[in-house]
Amino acid sequence: MSLSPPNDFALCELVQSEFERMFGRAPESILRVPGRINLIGEHVDYQGGTVLPVAIGLYLMASVARLDVAEVRVWSGEWAGENRNPSVIDLDVLLARKGKDSWLNYIIGVLSGLKAKGISIPGFEMVLVSTLPAGAGLSSSAALETITALAVEALTGESLDVVERALICQQAEHQFAGVPCGIMDQLAVAACRAGHALRIDCRDLSMEWIPLPEEYALVVAATGVKHALVDGEYQKRREECAEACVRLEVLSLRDVSFSDLESVRAQRLGERLRKRAYHVVSEVMRVSAFCEALKRRNVEEISQIMRSGHQSLRDDFEVSCPELDALVEAAYRFGPPHTMPGSRMTGGGFGGSTVSLVHVDRVADFKSHMEAAYRHEFGRCPQVFATRAAAGAEILSVYRGTTFSSKRTP
Ligand code: GLA
């Protein structure tokens, strides 16, 4: 059974041939960065909580080669729109763009962050090819930031520590794209390992890789409702959590317990902030319980934790939407229960995707079930695909038209 469309080799070939077509020469390096889902631990990274993302087999790929002028020329069929020529970034200026070109801000932000670290950025040409849909809650922005940093590393021989690189990418997103994201996505797309979930403690940025049961595939269902974290609701949630911390007199909600939420001081929160805080406190506990359940392979517990995680995001944190709720409900109607142990929305919410764990033998049936249920309710088909836990970012070398992997692990 093929679990990740389209096959990786075809994508490697495409990113090389597109470079040759666009720039009339062969690339020096090929880079590949996956998307991610998050199994549990949503909207807690910016409160110092723990998260459990997994890299998936949908990728952003880049081919790059040095240039003798202080410019970065980028071509992406997906983002270029009407433009038939590469976009040009002046390395001496590195000014943020507005309007149609604003996707370049992720690249400009990373280049600027690397420059601030004292890394001398060479001119280069880059082609981007992607199977990772933008706005589906699968971390296409973090992939773009990370691939930019990797391009510079591949061309200069610099090698950044995985945490240092993720922090530069996160800053780029804050300062140049206007999204006040946490650190989960940038670390996940870089540091995940095949066959494993990555437990990140977002306070001290320590990481643990936990093996996933081989008999289950990850099935992603994209609602087609574009989530745009720039739109302000994400920032609002961050501000509400920060305000709850002020009222509870703590540094982060990770330090808060259920009994604190029953205390006299917690009365200062009011209903809305109490719900937000309750989500974070309960979600942090769900991550610990999930990791334990995973290690013990307790499928029933996993199911229950994912279900209550979704309900908490829907009712207390209020970041779900009818399309996500319908997909999760449809997933839980698929039976018998051990064939679909758990399902929930994944990522920032307000649209985007759900993730379900599905027994490998039932993936095709599950896909049809989800498509039919969604079509019945919303009159259109969701994008549903099955994948496995994939490897994080890789620099691939080019050797006489064939690529071979030289994986960097943190
Ligand atoms: C987005 C952000 C992450 C994280 C999730 C919610 O993906 O980029 O930092 O906050 O939302 O868990």
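Residues numbered from 1 in each chain as written. Predicted model: local features only at pLDDT ≥ 70, side-chain atom pairs only at ≥ 80, totals over all residues. Heavy atoms only, no water.

1. A look at the overall build of the chain
What the chain contains, in helices and strands, is 11 helices and 14 strands. Rg of the C-alpha trace for the chain: 21 Å, near the compact-globule value of 22 Å for 410 residues, within the 12% margin. Considering only C-alpha atoms, the chain reaches an extent of 65 × 50 × 40 Å along its principal axes. Looking at the 410 residues of the chain, the share that counts as buried comes to 58%. Contacts in the chain between residues far apart in sequence, at least 24 positions, make up 71% of those at least 6 positions apart. Total accessible area on the chain stands at roughly 16400 Å², and carbon and sulfur atoms take up 49% of it. The positive charge centre, built from 44 side chains, and the negative charge centre, built from 52, are 1 Å apart in the chain. (Helix = DSSP H or I, 4+ residues; strand = E, 2+ residues; numbered from the N terminus. Rg over C-alpha atoms; globule rule 2.2 N^0.38 Å. Buried < 20%, exposed > 50% of the residue type's maximum accessible area, 1.4 Å probe, protein only. Contact = heavy atoms within 4.5 Å. Areas by Shrake-Rupley, 256 points an atom, 1.4 Å probe, with all protein chains shown as cover. Lys, Arg positive; Asp, Glu negative; His and termini not counted. Charge placed at Lys NZ, Arg CZ, Asp CG, Glu CD.)

2. Topic: the pattern of salt bridges
Using the criterion set out here, one finds 30 salt bridges in the structure. Ionic pairing is found between R344 and E42, a salt bridge with its closest N-O pair at 2.9 Å. With R344 in strand β10 (residues 342-346) and E42 in the loop between β1 (29-38) and β2 (50-51), this pair connects stretches of sequence that are 302 residues apart. Like R344, the residue E42 is buried in the burial classification. (Salt bridge = Lys/Arg side-chain N within 4 Å of Asp/Glu carboxyl O.)

3. Things to note about the packing of aromatic side chains
Under the definition given, this model contains 5 aromatic pairs. Ring geometry for F19 versus F23: centroids 5.0 Å apart, planes at 55 degrees, classification tilted. Residue F19 and its partner F23 are both found in helix α1 (residues 8-23); the two are separated by 4 residues, about one turn of the helix. The exposure class of F23 is buried, given its relative accessible area of 14%. (Phe/Tyr/Trp six-rings, centres within 6.5 Å; stacked < 30°, edge-to-face > 60°.)

4. Focus: the site of the ligand
Residues in close proximity to the ligand total 13 residues, the closest being E42, H43, D45, D185 and Y234. Interatomic distance of 2.7 Å between a backbone N/O atom of H43 and an oxygen atom of the ligand. At 3.4 Å, a backbone N or O of G348 approaches an oxygen atom of the ligand. The protein chains hide 98% of the 310 Å² of surface that the ligand would expose on its own. Its residues placed into classes, the shell around the ligand shows 5 nonpolar, 4 polar and 4 charged. When residues of the shell around the ligand are assigned to domains, at least three map to each of domain 1 (8-211 + 390-408) and domain 2 (216-387). (Near = heavy atom within 4 Å. Polar contact = N/O pair within 3.5 Å; in protein donor to acceptor, adjacent residues only side chain to side chain. Nonpolar A, V, L, I, M, F, W, Y, C, P; charged D, E, K, R; others polar. Domains from an automatic or database assignment.)

5. Comments concerning the nonpolar core
Judged by nonpolar contacts, the single largest core of 87 residues is most densely connected at L39, L111 and F124. The element that contributes the greatest number of residues to this core is helix α3 (residues 140-156), accounting for 9 residues. Two domains each put at least three residues into this core: domain 1 (8-211 + 390-408) and domain 2 (216-387). If near-sequence neighbours (up to four positions away) are discounted, L111 is found in contact with V72, I89, L91, L94, I121, F124, T148 and V152. If you look at the next biggest cluster of nonpolar residues, it comprises 56 residues, including V51, C181, L248 and L324. (Core = buried A, V, L, I, M, F, W, Y, C linked by side-chain atoms within 4.5 Å.)

6. Structural notes on the domain arrangement of the chain
Structurally, the chain comprises domain 1 (8-211 + 390-408) and domain 2 (216-387). Domain 1 and domain 2 are separated by 26 Å when their C-alpha centres are compared. Each partner contributes to the interface: domain 1 provides 38 residues, whereas domain 2 provides 45 residues. Interface of domain 1 and domain 2: buried area, both sides summed, is about 3300 Å²; carbon and sulfur atoms make up 62% of it. Considering only the side of domain 1, the residues that lose the most area to domain 2 are I40, H43 and Q47, jointly responsible for 22% of the buried surface there. For the interface between domain 1 and domain 2, the tally reads 4 salt bridges. (Buried area = accessible area lost by both parts, 1.4 Å probe.)

7. Details of the state of the cysteines
Inspection of the entire model under this criterion finds 0 disulfides. No disulfide involves C192; its nearest neighbouring cysteine sulfur is the one of C202, lying 12 Å away. Here C202 stays unpaired: no disulfide links it, and the sulfur of C181, its closest cysteine neighbor, is 11 Å away. (Disulfide = S-S within 2.5 Å.)

8. Some details on the confidence of the model for the chain
For the chain, per-residue confidence averages 93 on the pLDDT scale, and 93% of positions sit at 70 or higher. With pLDDT under 50 throughout, residues 1-6 is counted as low confidence; its partners more than four residues away or in other chains account for 13 contacts. (pLDDT = per-residue confidence, 0-100.)

9. Details of helix α11 (residues 363-378)
Along its 16 residues, α11 runs 22 Å from first to last C-alpha, staying within 8% of the 22 Å computed at 1.5 Å per residue. Along α11, the residues that are buried comprise V363, F366, M370, E371, A373 and Y374. End-on, the buried residues of α11 take up no more than an arc of 165 degrees, which puts them together on one face. Opposite the buried face of α11, at more than 90 degrees from it, the exposed residues are A364 and H376. Contacts from the buried residues of α11 go to β9 (216-222), α10 (322-333), β11 (353-359) and β12 (383-387). (Expected span 1.5 Å × (residues − 1). Arc of directions from axis to C-beta.)

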